[in-house]
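Residue-level structure breakdown
If you want the building blocks of each chain, they are given just below.
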Amino acid sequence: MNESMESQIPEFEFLSYEARDQVAIVTIRRPQALNALNQDLLVELASVTDVITQDPEVRVAVFTGEGRAFVAGADIGQIADIQDAFAGREFALLGQTVMGEIAALPLPTIAAINGFALGGGLELALACDLRVASTKARLGLPEVSLGIIPGFGGTQRLLRLLGRGRALDLIFTGRHVSAEEALQLGLVNRVGEDALEAALELARAILKNGPVALALAKEAVTRGEGLELEEALEVEADLFGFAVTTKDMKEGTRAFLEKRAPEFKGE
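For every chain, the first residue of its written sequence is number 1, and the numbers climb from 1 along that sequence. The predicted origin of the model limits local features to residues at a pLDDT of at least 70 and limits the giving and counting of side-chain atom pairs to 80 or more, whereas totals for whole chains, interfaces and linings rest on all residues. Neither water nor hydrogens contribute to the side-chain values; these are computed over all heavy atoms in the structure.

The name an unreviewed UniProt entry gives the chain is Short-chain-enoyl-CoA hydratase, with Calidithermus roseus as the organism. UniProt positions are given in the numbering used here, feature names are shortened, and annotations may be inferred rather than shown by experiment. The annotation that UniProt attaches to the chain under Sequence similarities (unreviewed entry) is "Belongs to the enoyl-CoA hydratase/isomerase family."

As C-alpha cells, then:
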C-alpha cells in the first residue's frame, strides 16, 4: 500500500486494515466481546468497504476476527435496549445495509472463520462470496433462542445458499454446527487448521486470474441469481461481450497460446 492510500484510511476503533500482496485483510477487533457487532462496529465495517474499493492494489478482500471468535453475533446488550418495532427495524436495516455493502464489493471476498460465527457473525460470513472455516469454528443462527429472528440478512442469504429445508433447520433449532458439518451442508467452502492462512491460500489461487474477469463473473452470478434462466443468460452474454474487449482478455489468450503465465493489469 502506498503512502497516499495509507493517509486515507480512517482511524478505526474496532477494526484493523492491512493490504498484503493484493489482498485486503480486515480484522474485527473487539475480542473482549467476542467481536460482537455493535452499532459503532457496523458503521466501521461500512467505512472499510470504501477503503477496499478505493485501494488500487487490492484484488481480493478477507474478513476475519481477532481472538477465539470470528464474530459471536450482534451486541445483545444493544438489542435488549430496543424499545419498539421502529427502533428494531432501524437496527436491522443498518445491519442489512452494511452486509449489502460487503456483498456488493466488486471483487472476490472471503470470510476466514477462525472461531464462533453466530447470529450476526454468520450473517457477515454469508455476505462474503466464499467462507473458509478453521477446524474449531462453530456456526449458527441462534436468534430464536433469544425470542428474535436473524435481522441482518440471515433468513434470506441462508435460504439462497442452502435451500429452504436446510436453512429452516438451522434457523428453527438455533443449533451450532461444526466446521465439518458446515462443509457438508455447503455453508462453508473449505476447512483448514488456520482459517486465515487457508483463506489467503484461496485468495492466492484467485489472484492468478484476470481481475476484470473476476469482477464480471461475480456480477453475472449476482445479477442472474434472481432472474429466470433465459434472462440470466442474457446478462451473462452481455458481460462476456464486455470481457472480450478488455486488455486482460488479449493478454490471457495470448499467454495461453504462448504457453506462459499471463500478466494481468486489470484493464
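1. Considerations on the sheet that holds strand E4 (residues 69-71)
Pairing between two strands requires that DSSP report at least two bridges joining them. Each helix is a run of DSSP H or I of at least 4 residues and each strand a run of E of at least 2, with the numbering of both proceeding from the N terminus. Strand order in the open sheet formed by 4 strands is E4-E6-E8-E9, and the pairing between neighbours is mixed. The open sheet terminates on both sides in strands that have one partner only, identified here as E4 and strand E9 (177-178). The pairing of strand E6 (residues 116-118) with strand E8 (residues 138-140) spans 3 bridges and is classified as parallel. Across the sheet, Phe116 pairs through a bridge with Arg138, a residue of E8. Any two residues having at least one pair of non-hydrogen atoms within 4.5 Å are treated as being in contact. As a rule, the C-alpha atoms of each element are fitted with a line to give its axis, helices using only the stretch in contact, and angles between N-to-C directions run from 0 to 180 degrees. In the packing of helix H5 (residues 120-127) onto the sheet, the strands contacted are E4, E6 and E8, and the crossing angle to E4 comes to about 75°.

2. Quick word on the pattern of salt bridges
A side-chain nitrogen of Lys or Arg and a carboxyl oxygen of Asp or Glu constitute a salt bridge if their distance falls within 4 Å. Applying the stated criterion across every chain yields a total of 12 salt bridges. A salt bridge links Glu66 to Arg29; its shortest N-O distance comes to 2.8 Å. Here Arg29 lies in the loop between strand E2 (23-28) and helix H2 (39-54) and Glu66 lies in the loop between strand E3 (60-65) and E4, a separation of 37 residues in the sequence. Its salt-bridge partner being Arg254, residue Glu251 comes within 3.6 Å of it at the nearest N-O pair. With Glu251 and Arg254 both in helix H12 (residues 247-257), this residue pair falls 3 residues apart, about one helical turn. In this structure, a network of salt bridges that share partners links the residues Glu251, Arg254, Glu258 and Arg260.

3. Brief notes about the environment of Gln83
Position of Gln83 relative to the elements: it lies in the loop between helix H3 (76-80) and helix H4 (85-103). Under the scheme applied here, a residue whose accessible area is under 20% of the maximum for its type counts as buried, over 50% as exposed, and between as partly exposed, the area being computed with a 1.4 Å probe on protein chains only. Judged by its relative accessible area of 69%, Gln83 falls in the exposed class.

4. Digging into a negative patch on the surface
Each patch groups residues whose relative accessible area exceeds 30% and which form no salt bridge, using 9 Å between like charges and 5 Å between nonpolar side chains of Val, Leu, Ile, Met, Phe, Trp and Tyr. Using the Shrake-Rupley algorithm and a 1.4 Å probe, accessible areas are obtained, with residue cover drawn only from the displayed protein chains. Only four residue types enter the tally: Lys and Arg on the positive side, Asp and Glu on the negative side; His and the chain ends are excluded. All charge positions are set by atom: Lys at NZ, Arg at CZ, Asp at CG, Glu at CD. A cluster of like negative charges, contributed by Glu228, Glu230, Glu231, Glu234 and Asp238, occupies part of the molecular surface. Within the secondary structure layout, Glu231 lies in helix H11 (residues 229-243). Owing to a relative accessible area of 44%, Glu231 belongs among the partly exposed residues under this scheme.

5. Focus on H12
When we look at burial in H12, the residues that qualify are Asp248, Glu251 and Ala255. The buried residues of H12 all sit within an arc of 65° when viewed along its axis, so they share a single face. Across from the buried face of H12, at angles greater than 90 degrees, the exposed residues are Phe256 and Leu257. Tucked into the core, H12 has its buried residues touching helix H10 (211-224). One or two steps after H12, the chain reaches Lys259, where phi turns positive at roughly 55°. Regarding the arc, it is the one traced by the directions from the helix axis to the C-beta atoms.

6. So, the layout of surface pockets
Only protein atoms enter the 1 Å grid used here. Points where a 1.4 Å probe fits but cannot escape make up a cavity, open sets with protein on both sides within 12 Å along at least five of seven lines make up a pocket, and a residue lines them when an atom lies within 4 Å of a point. Grid points are joined across faces, edges and corners, and a volume is the space filled by probe spheres set on the points. The volume enclosed by the largest pocket comes to roughly 680 Å³. Along its surface, the largest pocket is lined by 20 residues, and Cys128, Asp129, Val221, Thr222 and Glu225 are the ones closest to its centre. Elements with a minimum of two residues in the lining of the largest pocket: H5, strand E7 (130-134), helix H6 (154-162) and H10. Classifying every residue of the lining of the largest pocket gives 11 nonpolar, 3 polar and 6 charged. What marks off one domain from the next here is an automatic or database domain assignment. Taken domain by domain, the lining of the largest pocket gets at least three of its residues from each of domain 1 (15-207) and domain 2 (211-258). Roughly 410 Å³ of volume is contained in the second largest pocket. Lining the second largest pocket are 25 residues, with Ala74, Ile79, Glu143, Ile148 and Ile149 sitting closest to its centre. Within the residue set of the lining of the second largest pocket, elements represented by two or more residues are H3, H4 and H5. Among the elements that make up the lining of the second largest pocket, the one with the highest residue count is H4 (4 residues). Residues are grouped as follows: Ala, Val, Leu, Ile, Met, Phe, Trp, Tyr, Cys and Pro are nonpolar; Asp, Glu, Lys and Arg are charged; all remaining types, including Gly, are polar. Here the residues of the lining of the second largest pocket are counted per class, giving 16 nonpolar, 6 polar and 3 charged.

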